[in-house]
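# Observations on the three-dimensional arrangement
So the chains spell out like this:
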Amino acid sequence: MSPTTVICHFEPLDTWFFREARPHGSVGNSELGSQFPPPVRTLLGALRTAIGDAWFARHGGDWRGLADNKALQAHIGLGDDLGPLRTSGPFLTLNGQRLYPAPANLMVQTEGSTAHYFLLGLGDVVHCDLGRVRLPAFPKQVPGVASLKGSKPASGWLTQDAMQRLLNGQVPRAGDLIPNHALFDEEPRLGIGRDNARRSVQEGLLYQTRHLRLRPGVGVELHLHGLPDASLLPSRTTLRLGGEGRQAALCTSLGATTNLPTASARIAPGARFVLYHLTPSVCAAELPAGIPTGFVRGHHESADCWEGQLAGQRLRILSVACARPLREGGWDLARHEARAVQSLLAPGSVLY
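Quantities reported herein were computed from a predicted structural model and do not represent experimental measurements. (Residues numbered from 1 in each chain as written. Predicted model: local features only at pLDDT ≥ 70, side-chain atom pairs only at ≥ 80, totals over all residues. Heavy atoms only, no water.)

## Brief notes about the pairing of strand S1 (residues 4–12)
S1 sits mainly inside the fold: seven of its nine residues count as buried. As paired elements, S1 and strand S13 (residues 218–227) share seven bridges and run antiparallel to each other. Pairing of His9 across the sheet is with Glu221, part of S13. Bridge count for S1 against strand S15 (residues 246–255) is eight bridges, and the pairing is antiparallel. When the sheet's bridge partners are listed, Phe10 is paired in S15 with Leu250. (Buried < 20%, exposed > 50% of the residue type's maximum accessible area, 1.4 Å probe, protein only. Helix = DSSP H or I, 4+ residues; strand = E, 2+ residues; numbered from the N terminus. Pairing = 2+ DSSP bridges.)

Structure (structure tokens):
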């Protein structure tokens, strides 16, 4: 069979927990929260396991022979090598409609019961620890708003229509921004360390976690590209996902495109525009947050900038608006050791 795109939709059958990178024993740490949406490595790991289980049921064998099973490796790779597999996402969905993270340049000012949204522009040149740079700045005024003092970053999720409006240079309308509490609730949990050899507890080892209970209709979507035989993923099944192996329902379907909103106008050479990060990306070492790998410092219009290529296009990054980087680690099942923690640029980050 020829490779195709498989749209994988996950919904919880219980609470979910996708542990943050901090260890339980860190100083001053009493509770571990949950990452959300879940890391792509977690979702992809669950899918690779489901594909492998289906392969063994069809052809025989088991996971202990994976290192020598070249036929299965041609479908799912081995370890960090994904073989033919590539992904898009993850995306949050509500009643089948995709949601997008509120961008870091979207601000809100509340006057009475009315929320006014506006976008940060590119400010004047300032001197700071990054050099002589332009930073995101408030506009001089926003129609209908008396004062921008006290404005704060908008948090939550945008609908498909709201994201399209944003790409057209317009701000969301009332009701377009969906807050986190409308999508999931957090549930604190208390656990105790176990001594499996003695079938008892380990004294003094209590831990706290914060699980997520998604509201009805909320799910996570991942697009899987390059799988040579899509029949290895059933249309409906259940699998274990995340911390404590909580149950999730998986529904799959074949699709052609990701159907993302697009800018309505063609960008002219030399024009200024913004790029929105919809999913996390790896932070480049020794570069400011948001600057992709391979970019180098340059100079433009009396200010420092960063120059390089993205998707084959030569770009000059003038400024970045981003939240605090995400920290992602995890456990390496093959080597039985913790993965090195890496910093990720948060979804919703913006490049000018």
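## Some words on the environment of Ala174
Mapped onto the elements of the fold, Ala174 is located in the loop between helix H3 (160–167) and strand S10 (177–178). The class for Ala174 is exposed, based on a relative accessible area of 80%.

## Concerning the sheet that holds strand S20 (residues 313–317)
Strands in a sheet are paired, the pairing made by backbone hydrogen bonds, and the direction either parallel or antiparallel. Across the sheet, which stays open at both edges, the three strands sit in the order S18-S19-S20 with antiparallel pairing between neighbours. Pairing within the sheet leaves two strands with one partner each, and these edge strands are strand S18 (296–300) and S20. Shown here is a sheet whose adjacent strand axes are inclined to one another by a mean of 40 degrees, direction ignored. (Axes fitted to C-alpha atoms, helices over the stretch in contact; angles between N-to-C directions.)

## Remarks on the pattern of salt bridges
Summed over the entire model, instances satisfying the criterion amount to 17 salt bridges. Here Arg213 and Asp14 are joined by a salt bridge, their closest N and O atoms 3.9 Å apart. With Arg213 in strand S12 (residues 200–214) and Asp14 in the loop between S1 and helix H1 (40–59), this pair connects stretches of sequence that are 199 residues apart. For Asp14, a relative accessible area of 31% puts it in the partly exposed group. A salt bridge links Arg173 to Asp176; the nearest nitrogen and oxygen atoms lie 3.7 Å apart. Its relative accessible area of 46% is what places Arg173 among the partly exposed residues. By relative accessible area, which is 10% here, Asp176 ends up buried. Overlapping salt bridges, with partners in common, bring together Asp14, Glu187, Arg189, Arg213, Glu244 and Arg246 in one network. (Salt bridge = Lys/Arg side-chain N within 4 Å of Asp/Glu carboxyl O.)

## A look at the environment of Phe17
Relative to the elements of secondary structure, Phe17 occurs in the loop between S1 and H1. Once the C-alpha coordinates of Phe17 and Gly245 are considered, the two residues, 228 residues apart in sequence, prove to be 8.8 Å apart. Contacts of Phe17, omitting those with residues within four sequence positions, involve Leu32, Gly33, Ser34, Thr209, Arg210, His211, Gly242 and Gly243. (Contact = heavy atoms within 4.5 Å.)

## Here we look at the sheet that holds strand S25 (residues 342–345)
One open sheet holds the three strands; their spatial order is S17-S25-S22, and the pairing between them is antiparallel. Edge positions in the open sheet fall to strand S17 (281–282) and strand S22 (326–328), since each of these has one partner strand only. Across two bridges, the pairing between S17 and S25 is antiparallel. Within S25, the position partnered with Val282 by the bridge is Leu344.

## Things to note about unusual backbone geometry
Between Phe36 and Pro37 the backbone carries a cis peptide bond, its omega angle lying at 0 degrees. Note that the residue after Gly89, namely Pro90, is joined by a cis bond; omega there is 10 degrees. Turning to its location among the elements, Pro90 is positioned in strand S2 (residues 86–94). Located in the positive-phi region is Arg199, a residue other than glycine, with phi close to 55 degrees. For Arg199, the location among the structural elements is in the loop between strand S11 (184–195) and S12. Positive phi outside glycine occurs at Glu286, with the angle close to 65 degrees. For Glu286, the position within the fold is in the loop between S17 and S18. Among the residues examined, Glu286 registers a relative accessible area of 85% and is labelled exposed.

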